Structures are given as structure tokens and as C-alpha cells.
Amino acid sequence: MSENYFKLGLIGYPLEKSLSPAIHQAALRAGGLKGEYRLYPVTPLPEGQDRLTTMINHLRDGWLQGLNVTIPHKQNVLPFLDEMTPAVRAVGAANTLYMQQGRLVGDNTDIPGFITDLHRLLPGNAGHALVLGAGGSARAVVYALQLNNWTVTVAARRLEQAEEMLQALKAPSTFKVTQLRDISLQAMNSVKLIVNTTPVGMFPLPDASPWPEGTPLPQEVLLYDLIYKPPETQFMRYVLHEGLQASNGLGMLVEQAALSFERWTGITAERTAIWSAVSPTQSTGW
Ligand code: NAP
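Per chain, residues are indexed from 1 in the order of the written sequence. The predicted origin of the model limits local features to residues at a pLDDT of at least 70 and limits the giving and counting of side-chain atom pairs to 80 or more, whereas totals for whole chains, interfaces and linings rest on all residues. Water and hydrogen atoms play no part in the side-chain values, which are based on all heavy atoms of the structure.

1. Overview of the sheet that holds strand E4 (residues 83–84)
Condition: Two strands are counted as paired when DSSP detects at least two bridges linking them. Note on conventions: DSSP H or I runs of at least 4 residues are helices, E runs of at least 2 residues are strands, and numbering of each starts at the N terminus. Any two residues whose heavy atoms approach within 4.5 Å are treated as being in contact. Axis lines are fitted through C-alpha atoms, for helices just across the contact stretch, and the angle between N-to-C directions can take any value from 0 to 180 degrees.
The strand order across the open sheet formed by six strands is E2-E1-E3-E5-E6-E4, and the pairing between neighbours is mixed. Looking at the sheet topology across the chains shown, the edges are occupied by strand E2 (34–41) and E4. For E4 and strand E6 (residues 103–107), the ladder comprises two bridges, and the chain directions are parallel. Bridge pairing in E6 places Glu83 opposite Val105. Sitting on the sheet, helix H9 (residues 250–265) touches strand E1 (5–12), E2, strand E3 (66–69), strand E5 (96–100) and E6, and the angle it makes with E5 is about 15 degrees.

Here it is in C-alpha cells:
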């Protein structure tokens, strides 16, 4: 294989519906680079342990130049790493792996991916954000907001999960948790951003919404729904119907991928080309 051929890929399970090959092939083409981006399914542990080790060894021996990691392995790759970026240490999950000076580095581009897309949609000052859900992506979102001076309330169906997350992130005492079903608008009046990090509204249940029925929305708010399939969730429809702003999570997906690509290749990923590849009718991403 020539030195300038980039062999890239994604490990996780299941992977069939991933948009990542289209994104990275577009970035390779637009950057004039030779290479490929393939899906490497690795089943959950313990069954997938040998396969996971093999894939990591492929990075170490140079057969692969870069790997993305998705569910269920974002935590499972940590013991293999020689180096973790501060973001990976903070959220306990890596989505981008590569070799640097003989050392295996794990990075997390979900964090800058989310915040970059948020700034595109909501330029200006930080404020009070309401984050729905307290799972893996909520950690990246809350940490990104924390780094950018937002105050966060986490609404989750399991309060203990939300409390553990804030503790693990060493969040300031101004960050609060609340029951998802008991969101009280009085306490949330100042909210100018809602981020949905739950899978509620995603295929195969596109008609469901995580927003508690009958709860009014804040007066001026942007909904950022991490879901991008379907491109318009039930929750987004409700928010838009109320005359407020809503975005899906495609911009975060594009941006995290672009940042991974840049770590691996050292060249800028052409965002317009990527947008056209994943969403031909939505090339501005909004
Ligand atoms: P996860 O780790 O499983 O976390 C999901 C969270 O949602 C958990 O707190 C879970 O609570 C909660 N939840 C699940 N079902 C719920 C329900 N019916 N009602 C209330 N809360 C519920 O998943 P994740 O990795 O964070 O992913 C979440 C979503 O974000 C998925 O749709 C994923 O596709 C999307 N995502 C998008 C991007 C992007 O780039 N746009 C990146 C990452 C993830 P329990 O623990 O109690 O179930």
C-alpha cells in the first residue's frame, strides 16, 4: 500500500445504517486524497473482545491509519490507549483513534463537533441549557456546554444517572438535575437551549417525543435534537409549530467526522462536499 493511501474505518455494532463511509469518502475525494473508509462491525463484549483487539492492532501495525469508534465500544477502547486527550479523560469515551509518534491516541470529536454546530446555529452568549437524557452523548454535550460557560439542567428519567454524570464531569454546583416527566417551566424560564440526547423520536419510533405532554416551551428557545434519522423529529415539529427554532443532529455528525478526518490526514475537511454527500437537499445544514 502506498504511503499516501488512507485506510480508515469505523468499529461498533450495528453499523449497517452508518453515514460515515459517505462522509469520509466525500472528504477524501474533495481533499484529493487516495483512500477508503470501511465499516468493521465488532459485536459487544465479551464476544467481540478478540475482534476489538485485532482492530486496534491494525492501527498499531500501520494497516489502518485511523478509526472511529461508536456504540458499544467508546468506553471499551480506553484500556488500549497510550494517550487520552483531556476530553476523553473528562467524558470517559473516545470516538477517534490514531497513532502519533508510535503511541495510540484516543480523542473525542463529538465534543467540539457539537459545540461548533451549536455556535453556527446560536451565535452569541452562553446561557441556561436544558439537556434531556443522561447517557453517552449527554456526557459529551454537557461537557461541551460546561467548557463554553453554559449553565445546565439535566432532565432524565433516572435522576441517579444524571447525578452520577454531573459528578463524573466535575460540573459546577449551579448545574442541576430534574425528573424528565416533571420539567417545570417556572424553573426553566431562562432556558434558551434544549438539547435532546435521548433516542426518543428516532426510527423505529418516529412519532414519539421526549418532551412531557402538556408542558409549555420556554418563550425563546432553540431545540437541538441529536437525532438525524428522521431529519425532522416529532419534538422538532412541535417546537417549529410553536414558532421557535429547531435543528437535527446532522451538523454535529458532519462536524465530528470532519474533525476526525483532520486528525488522521492533517488536511482540512471540505464541509460543503460532506454536506452534499449526506444531505443533497440540505447543503447549508440548516
Ligand atoms: P445512550 O447512551 O443509550 O443514552 C440515552 C439516554 O436517553 C439515557 O439517559 C436513557 O435513559 C435515555 N432514554 C432512553 N429512552 C428513553 C425514554 N423512552 N424516555 C426517557 N429517556 C430515555 O445513547 P447515546 O449514545 O447517548 O445516544 C442517544 C441519541 O443521540 C441517539 O439517538 C443517537 O443516535 C444520537 N447521537 C447523535 C449524534 C450526532 O452526531 N448527531 C452523536 C451521538 C449520539 P436510560 O439509561 O434510563 O435508558
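2. What about the site of the ligand?
This is how the line gets drawn: Near, as used in this document, describes a residue that has one of its heavy atoms within 4 Å of the molecule or strand being considered. By the criterion applied in these results, polar contacts are pairs of N or O atoms within 3.5 Å in which, for protein atoms, one can donate a hydrogen and the other can accept it, and in which residues neighboring in sequence qualify only through two side-chain atoms. Surface accessibility in these figures is a Shrake-Rupley result with a 1.4 Å probe; residues are shielded only by whichever protein chains are displayed. Each residue is assigned to one of three groups, with Ala, Val, Leu, Ile, Met, Phe, Trp, Tyr, Cys and Pro labelled nonpolar, Asp, Glu, Lys and Arg labelled charged, and all others, Gly among them, labelled polar.
The full set close to the ligand counts 21 residues, and Gly136, Ser137, Arg157, Arg158 and Gly249 are the nearest of them. Contacts to the ligand include Gly135, whose backbone N or O atom sits 3.2 Å from an oxygen atom. A distance of 3.4 Å separates an oxygen atom of the ligand from a polar backbone atom of Leu253. Considered on its own, the ligand offers 920 Å² of accessible surface; in the complex 74% of this is hidden by protein. For the shell around the ligand, the secondary structure elements donating two or more residues are helix H5 (136–147) and H9. Of the residues that constitute the shell around the ligand, the class distribution is eleven nonpolar, eight polar and two charged.

3. A short note on the pairing of strand E10 (residues 191–196)
Spelled out, the test is: Think of it in three bands: residues with accessible area under 20% of the maximum for their type are buried, residues over 50% are exposed, and the middle band is partly exposed, with areas taken using a 1.4 Å probe on protein chains only.
Counted residue by residue, E10 has five buried out of six residues, so it is predominantly covered. Note: E10 against strand E11 (residues 222–225), four bridges, orientation parallel. What sits directly across from Asn196, in E11, is Asp225.

4. Points about the packing of helix H1 (residues 20–30) against H9
The following threshold applies: An angle below 35 degrees is read as roughly parallel, one above 145 as roughly antiparallel, one from 65 to 115 as roughly perpendicular, and any other as oblique. By definition, any crossing whose near helix is turned counterclockwise from its far helix by less than a right angle is left-handed, and any crossing with a clockwise turn is right-handed.
Where H1 contacts H9, the axes come no closer than 10 Å and their chain directions differ by 50 degrees. In terms of axis orientation, H1 runs oblique to H9. Here H1 runs over H9; the crossing is right-handed. Counting all contacts with H1, which are made through Ile23, His24, Ala27 and Leu28, the residues of H9 involved are Leu253, Ala257, Phe261 and Trp264. When its residues are assigned to classes, the contact of H1 with H9 shows seven nonpolar, one polar and no charged.

5. Side note on the packing of aromatic side chains
To keep it simple, the criterion reads: Two aromatic rings from Phe, Tyr or Trp, using only the six-membered ring of Trp, form a pair when their centres are within 6.5 Å; if the ring planes differ by under 30 degrees the pair is stacked, by over 60 it is edge-to-face, and anything between is tilted.
Tallying each qualifying case throughout the model produces four aromatic pairs. Summarising the aromatic geometry, the rings of Tyr37 and Trp264 are spaced 6.3 Å apart at their centres and angled 40 degrees between planes, so their arrangement reads as tilted. Taken together, the residues span a long stretch of sequence, with Tyr37 in strand E2 and Trp264 in helix H9 at a distance of 227 residues. By relative accessible area, Tyr37 is classed as buried at 2%. For Trp264, a relative accessible area of 8% translates into the label buried. Aromatic side chains Phe114 and Tyr224 sit 5.4 Å apart centroid to centroid with 90 degrees between the ring planes, which places their arrangement in the edge-to-face category. Here the residue Phe114 occupies a position in helix H4 (residues 110–121), and Tyr224 occupies one in strand E11, the gap between them amounting to 110 residues.

6. Some remarks on the environment of Tyr37
Taking the C-alpha atoms as reference points, Tyr37 and Asn68, separated by 31 residues in sequence, lie 9.8 Å from one another. Once you skip the residues sitting within four places of it in the chain, Tyr37 turns out to touch Leu8, Gly9, Leu10, Ser20, Pro21, His24, Gln25, Asn68 and Trp264.

7. Observations concerning H1
Counting along an α-helix, one turn takes 3.6 residues, and residues three or four places apart therefore face a common direction. Within H1, burial applies to Ser20, Pro21, Ile23, His24, Ala26, Ala27 and Leu28. The secondary structure elements touched by the buried residues of H1 are E1, E2, E3, H9 and helix H10 (271–278). Remark: Gly32 follows H1 within two positions and exhibits a positive phi of approximately 70 degrees.

8. A word on the pattern of salt bridges
The cut-off we apply is this: The rule for a salt bridge is simple: a side-chain nitrogen of Lys or Arg has to be within 4 Å of a carboxyl oxygen of Asp or Glu.
Scanning the entire structure with this criterion turns up ten salt bridges. For Asp82, the salt bridge is made with Arg60, and the minimal N-O distance between the two is 3.1 Å. Within this pair, whereas Asp82 is found in the loop between E3 and E4, its partner Arg60 is found in helix H2 (residues 49–60), the two being separated by 22 residues in sequence. Between Arg158 and Glu160 there is a salt bridge, with its nearest N and O atoms 3.8 Å apart. Bridged by salt links that share partners, the residues Lys7, Glu36 and Arg38 form one connected network.

9. Observations concerning unusual backbone geometry
Cis peptide bonds are those with omega within 30 degrees of zero, and the linkage from Tyr13 to Pro14 qualifies with -5 degrees. Tracing the backbone shows Pro14 in the loop between E1 and H1. In this model, Leu45 is joined to Pro46 through a cis peptide bond whose omega is 5 degrees. As for its position among the elements, Pro46 is in the loop between E2 and H2. Of note in the backbone geometry, Gln101 takes a positive phi value of approximately 50 degrees without being a glycine. Its identity as a non-glycine residue notwithstanding, Lys170 has a phi of 50 degrees, on the positive side. Relative to the assigned elements, Lys170 resides in the loop between helix H6 (159–168) and strand E9 (176–179).

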